[in-house]
Amino acid sequence: MTPEVPAVLAEMAGLLMRTASPGAPDAERTSALTLSSMLLMVAAEVWDAAAQNLVQENRAIAELLGDHSLESDLHLSVLRAENSRLRAELIAAHIIAENAGDQIRQDAIWAELRASTDRRRLSISLV
Amino acid sequence: MSHPLEARLARYIETQMPEASDIEVSQIERISGGASRETYRFVLNYRQDGAAQTRRLILRRDPPASLIDTDRRIEFAAYRAFYGSTVPVPRMLWLEEAETALDHPFFIAEELTGFQTAPQLLFAGGYDKVLAKVADRKWSILGQIARADPAALGLTSVMASPGVDECWRRELDHWEHIFDTDEAEPQPIARAAIRWLRSNPPPPAQKLCVVHGDYRTGNFLFDQEGEIHGVLDWEMAHLGDPLEDLAWGFNPIWEFGRGLAGGLVPQDQAIAIWRKSSGLIADPAALHWWTLFNCVKGQGIWVGSARAFIDGGNKEPIMVYAAWWLLNAQDRAILKVMGRL
């Protein structure tokens, strides 16, 4: 997810400490705590499947692109960087397929894009 | 504990109300969810002509970095233009663009009290009998915005006036630029939608209209009878194609998972209300173009929200929540409008 979960959790930790202090204005406390609890719920939901989804998506895009490199580092930050590289290449491949009128190739790319939104879908998703 | 803004607000208001005395600001309360401006409600007490007075007011202050970077002067002008018209808006009091008083530019308005804005409340069951009335008022008011003459309202002096054949390109250029500058990761779905929009432009606008820019369920004040008492959040107001405003509410995100336009009524019913009120037509192909455009625009807003957090310009939790909650949902909305979901 963007922004990345570790950066958000670190920021929330600071926010919660500031909010817990006796000098924190009541007016800010409700807003900060309500939104922080909502973010924690989202982070909890995506935690377990995060690496699995990224590996699955990276492999699916790599296969579309004919990219046969295998992941050797399963840190989420590394998988996400690879995901960004592959999705940038997918955009380029999509443009080439459109310009060539290659409908089969376009359909395959759209199918993967649709699948990517299924992987990333939250329980609170509006669509 | 008293809020640090209370004393500073009181000092500022003293400069705006020299005829008043004993000015005191209290009960300041942050309103959750305001991501483009920090929004607070507060109580102003003072004495004038020997009598004690109390007013409930709203402060809208620019944050260090915003989900939507816009000129508060335009927002202020839009509110002022429609005050007292068939488009209900709160009364604007003071616009302050210097940073000396409260660190960032801000404006102050009268609060419209006793009404609700939250879609979650509107759709919780207690308002089911008046949802059709809310829909009628919602799209009738939007029709009145489209019907208004921007020049007569004085808005052509503060807002750019594109030609009717330039409206779509101006907006698409603006939001594509947001992706170019703000995206933290590639956006293959939004980029594909942008290519389609450029290859299939809509016809020229029927007329140049005031476009609210964020006219959706959640941005107006409603009561138990289904009446609408105030249209809020004009920070993206501009002049453009009236179908842009109509279609913003048809972004599937704003169905709130209910499968109805704005979560209220079927889309064709909403269009019929708007047509009757505005006197304009809603060409289906053009409306589809603007609906897809608005999905891209929505994604541009969520992308900008994530960027503001990542760069440290605004570390408020709402900036993250908007991105986490809506980036993927907006991608799915784009797919749905393009017939690919």
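What counts and how
- Residues numbered from 1 in each chain as written.
- Chains lettered and ligands numbered in written order.
- Predicted model: local features only at pLDDT ≥ 70, side-chain atom pairs only at ≥ 80, totals over all residues.
- Helix = DSSP H or I, 4+ residues; strand = E, 2+ residues; numbered from the N terminus.
- Rg over C-alpha atoms; globule rule 2.2 N^0.38 Å.
- Buried ≥ 20, exposed ≤ 12 C-beta atoms within 10 Å, placed from the backbone.
- Contact = placed C-beta atoms within 7 Å.
- Domains from an automatic or database assignment.
- Nonpolar A, V, L, I, M, F, W, Y, C, P; charged D, E, K, R; others polar.
- pLDDT = per-residue confidence, 0-100.
- Core = buried A, V, L, I, M, F, W, Y, C linked by C-beta atoms within 7 Å.

(A) Layout of the overall build of chain A. A count of helices and strands for chain A gives 5 helices and 0 strands. When the elements of chain A are put in sequence order from the N terminus, they spell out α-α-α-α-α. In terms of overall dimensions, chain A is more spread out than a globule: its C-alpha atoms have a radius of gyration of 19 Å, far above the 14 Å expected for 127 residues. Taken along its principal axes, the extent of the C-alpha atoms in chain A is 65 × 35 × 20 Å. Within chain A, buried positions represent 24% of all 127 residues. The long-range share in chain A, meaning contacts at least 24 apart out of those at least 6 apart in sequence, stands at 62%.

(B) Examining the overall build of chain B more closely. Counting secondary structure elements, chain B contains 10 helices and 9 strands. Based on the C-alpha atoms only, the size of chain B along its principal axes is roughly 65 × 45 × 45 Å. The proportion of buried residues among the 341 residues of chain B is 48%. By sequence separation, contacts in chain B at least 24 residues apart represent 72% of the contacts at least 6 residues apart.

(C) Region of the structure containing the domain arrangement of chain B. Residues and elements named next belong to chain B. Considered domain by domain, chain B is made up of domain 1 (4-110) and domain 2 (119-337). Domain 1 puts 23 residues into the contact, and the matching count from domain 2 is 25 residues. Taken together, the residues that form the side of domain 1 that touches domain 2 break down as 15 nonpolar, 5 polar and 3 charged.

(D) Focus on the environment of B:Glu110. Residues and elements named next belong to chain B. Positionally, Glu-110 belongs in strand β5 (residues 106-110). Glu-110 gets classed as partly exposed once you count the C-beta atoms within 10 Å, which come to 16. Sequence spacing of Glu-110 and Ile-58 is 52 residues, and the spatial spacing of their C-alpha atoms is 5.9 Å.

(E) A look at unusual backbone geometry. Cis rather than trans, the peptide bond between A:Thr2 and A:Pro3 has omega equal to -10°. Looking at the element boundaries, A:Pro3 is found in the segment before α1 (5-20). Phi is positive for B:Asp103, close to 75°, though the residue is something other than glycine. Examined against the element boundaries, B:Asp103 turns out to sit in the loop between β4 (92-96) and β5. What makes B:Asp103 exposed here is the crowd of 12 C-beta atoms within 10 Å. Backbone geometry at B:Asp233 places phi at a positive 55°, although glycine is not the residue there. Here B:Asp233 is to be found in the loop between β8 (228-231) and β9 (238-240). Classification of B:Asp233 as buried rests on a count of 22 C-beta atoms within 10 Å.

(F) Just helix α2 (residues 72-82) of chain B, in detail. Residue and element names in this part refer to chain B. Within α2, 8 of the 11 residues are buried, leaving the element largely enclosed by the surrounding structure. Within α2, burial applies to Arg-72, Glu-75, Phe-76, Ala-77, Ala-78, Tyr-79, Ala-81 and Phe-82. Summarising the contacts, the buried residues of α2 are in contact with β4 and β5. Phi for Gly-84, located one or two positions after α2, is positive at around 85°.

(G) Summary view of the confidence of the model for chain A. Within chain A, residue pLDDT values average 93, and 99% of them lie at 70 or more. Mean pLDDT across the elements of chain A bottoms out in helix α2 (residues 26-47) of chain A (88) and peaks in helix α5 (residues 103-119) of chain A (98).

(H) Spatial organisation of the interface of chain B and chain A. Every contact between the two is made by 39 residues of chain B and, on the other side, 37 residues of chain A. Top element by residues in the side of chain B that touches chain A is helix α10 (residues 317-337) of chain B. It accounts for 15 residues. Taken together, the residues of the side of chain B that touches chain A sort by class into 25 nonpolar, 4 polar and 10 charged.

(I) Structural view of the nonpolar core. Residues and elements named next belong to chain B. Membership of the largest hydrophobic core comes to 115 residues, with the highest contact counts inside it found for Ala-193, Leu-292, Val-296, Ala-323 and Ile-334. With 15 residues, the single largest contributor to this core is α10. Apart from the residues within four sequence positions on either side, Ala-193 is in contact with Leu-292, Cys-295, Val-296, Ile-334 and Met-338.

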